[in-house]
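# Inside the fold
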Amino acid sequence: MRVFVTGAGRCGTGTFSGALSAHVTNFTVAHESQCEKPPWTYPDNHIEVDPRLLWQLPSLLRTYPDAYWVILDRDRAAMARSLGSRQEIMDAWHRVAFGTLQSPDVEAFVEFVYSALEALLRDHDRVTRLVTPVDRETFEVFWSAIGAEGDLTGACLALKEVRNEGAVSCAWAGDLCT
């Protein structure tokens, strides 16, 4: 099984991949592992966490029709503020999405990404939406759905730790997995 985790960026992908890579024993886990041009390939029993998966989603659905998808989301206004503070990220996203260097309205961009993900995955039956902070019950459903093995409690605790030092208001705070 392959598991793809994606979102608009600045939504906790670094934290999520760190928690899984440290505590899931039956999958390899990577965060933004593909640096070459598509098509991207992934081994079996692998979890790839990467906001850029959106741009390869139709190809990945054809190549891996049985893959499990996670849409990682968080407070949209906080995500937009965080993305807006990282001009290089917005410039790169805009070049890919629209072929120009002019940066879009960040809030509109975030909504575009999630609308596109929902439309592209609408007919796929192996999709979970995780909104941060993720409660233990929701995370357990995801863990069970992919057949994860390892330290569930350790993964839940790791989700509380921000992995991306450049994060702006991106903590996975609250009663996460308690």
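Here's what I pulled together on the structure shown here. (Residues numbered from 1 in each chain as written. Predicted model: local features only at pLDDT ≥ 70, side-chain atom pairs only at ≥ 80, totals over all residues. Heavy atoms only, no water.)

## Considering the overall build of the protein chain
A tally of helices and strands in the protein chain yields seven helices and five strands. The 178 residues of the protein chain split such that 47% are buried. For the protein chain, the proportion of contacts with a sequence separation of at least 24, taken over those separated by at least 6, is 68%. Accessible surface, the protein chain: about 8,400 Å² in total, of which carbon and sulfur atoms supply 50%. (Helix = DSSP H or I, 4+ residues; strand = E, 2+ residues; numbered from the N terminus. Buried < 20%, exposed > 50% of the residue type's maximum accessible area, 1.4 Å probe, protein only. Contact = heavy atoms within 4.5 Å. Areas by Shrake-Rupley, 256 points an atom, 1.4 Å probe, with all protein chains shown as cover.)

## A look at the packing of helix α3 (residues 76–84) against helix α5 (residues 106–121)
Direction vectors running N to C along α3 and α5 enclose 120 degrees, while the axes themselves pass 8 Å from each other. Looking at the two axes, α3 sits oblique to α5. Handedness of the α3/α5 crossing: right-handed. For the pair formed by α3 and α5, the contact residues are Arg76, Met79, Ala80, Leu83 and Gly84 on the first element and Val106, Glu107, Phe109, Val110, Glu111, Tyr114 and Glu118 on the second. (Axes fitted to C-alpha atoms, helices over the stretch in contact; angles between N-to-C directions. Parallel < 35°, antiparallel > 145°, perpendicular 65-115°, else oblique. Left-handed = near helix turned anticlockwise from the far one by under 90°.)

## Some details on the packing of helix α2 (residues 53–63) against α5
Direction vectors running N to C along α2 and α5 enclose 5 degrees, while the axes themselves pass 10 Å from each other. It follows that α2 is roughly parallel to α5 by the angle criterion. Between α2 and α5, the residues in contact are Leu54, Trp55, Leu57, Pro58 and Leu61 and Phe112, Val113, Ala116, Leu117, Leu120 and Leu121, respectively. Residues belonging to the contact of α2 with α5 are distributed by class as follows: eleven nonpolar, no polar and no charged. (Nonpolar A, V, L, I, M, F, W, Y, C, P; charged D, E, K, R; others polar.)

## Comments concerning the sheet that holds strand β1 (residues 2–6)
Pairing between sheet strands relies on hydrogen bonds along the backbone, with the strands arranged either parallel or antiparallel. With parallel pairing, five strands are arranged side by side in an open sheet as β2-β3-β1-β4-β5. Two strands in the sheet have a free side with no partner beyond their single neighbour: β2 (28–31) and β5 (127–131). Each strand of the sheet is rotated relative to its neighbour by a mean of 15 degrees, with strand direction disregarded. Sheet strands in contact with α5 are β1, β4 (68–73) and β5, and its direction is about 160 degrees off that of β4. Helix-sheet contacts for helix α6 (residues 136–145) involve β1, β4 and β5, and the interaxial angle to β4 is about 155 degrees. (Pairing = 2+ DSSP bridges.)

## Quick look at the nonpolar core
Ranked by internal contacts, the top residues of the largest apolar core, which has 50 residues, are Val3, Phe16, Ile47, Trp69, Phe139 and Phe142. Among the elements that line this core, the one with the most residues is α5, at eight residues. (Core = buried A, V, L, I, M, F, W, Y, C linked by side-chain atoms within 4.5 Å.)

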